[in-house]
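# Summary of the model geometry
Single-letter residue listing:
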Amino acid sequence: MKKWLVIILVAVVAAFTLMSSYNGLVKAEEEIDSVWANVESSYQRRADLIPNLVNTVKGQANFEQQTLTNVIEARAKATQTKIDPTNMTEEQLAQFQQEQNQVGSALSRLLVTVEQYPELKAHEGFMNLQSQLEGTENRINVARNKFNDAARVYNQKVRQFPTKFAALIFGFKEKPYFKSTAGAENAPTVNFN
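Residues numbered from 1 in each chain as written. Predicted model: local features only at pLDDT ≥ 70, side-chain atom pairs only at ≥ 80, totals over all residues. Heavy atoms only, no water.

- If you check an unreviewed UniProt entry, the chain appears there as LemA family protein from Rodentibacter myodis.
- Note on the chain: under the UniProt heading Subcellular location (unreviewed entry), the record states "Membrane".
- Per UniProt, the chain carries the Sequence similarities (unreviewed entry) text "Belongs to the LemA family." (UniProt positions renumbered as here; feature names shortened; annotations may be inferred.)

Next up, the structure:
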């Protein structure tokens, strides 16, 4: 009788531990999904601002058409990339990040080119859009940092004992992190010539 009682007690403890681990993983994964939605929302805000920025620039100057075309094309490509946060891979995140970096690069070239047009820089609508874009880039950075924090917490749960067993049984896998782009460790050169 004692033997069965011990076996039942061990089974109950194991089941409770497995259930608790599973619930903790679900909660952490839901947090990542929520934070990922905020990352996408921040990038969407940038994508929504770009047409207004481009139209303002078009309306105020006889602007270099290729620069505007590059911004529009980069935005279009970046908005087509969608990632399912439940099956996110390192490669998918790298592709997403590369396309978003292309948008940022095209916007940077646009803003550098704007420096050659004093009447545009003084235009209130453009200044407002430029300020909104700067704020959006800050939001993107904050959202990406929060995603990395949520991924860290989740990945720790996936790898720690005894939760690791529940992760293996139920198919929970580690989530990738946002990483800096190649060359980001080097300070940019500013030249006002």
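### A look at helix H6 (residues 163-170)
- Among the residues making up H6, those that are buried are Thr163, Ala166 and Ala167. Each buried residue of H6 sits inside an arc of 100° when the element is viewed along its axis, so together they form one side. Exposed and facing more than 90 degrees away from the buried side of H6 are Leu168 and Ile169.
- One or two steps after H6, the chain reaches glycine 171, where phi turns positive at roughly 80°. (Buried < 20%, exposed > 50% of the residue type's maximum accessible area, 1.4 Å probe, protein only. Helix = DSSP H or I, 4+ residues; strand = E, 2+ residues; numbered from the N terminus. Arc of directions from axis to C-beta.)

### So, the side chain of serine 21
- In this fold, serine 21 is placed in helix H1 (residues 2-60).
- Ignoring sequence-local partners within four residues, the contact set of serine 21 consists of Pro162, Thr163 and Ala166. (Contact = heavy atoms within 4.5 Å.)

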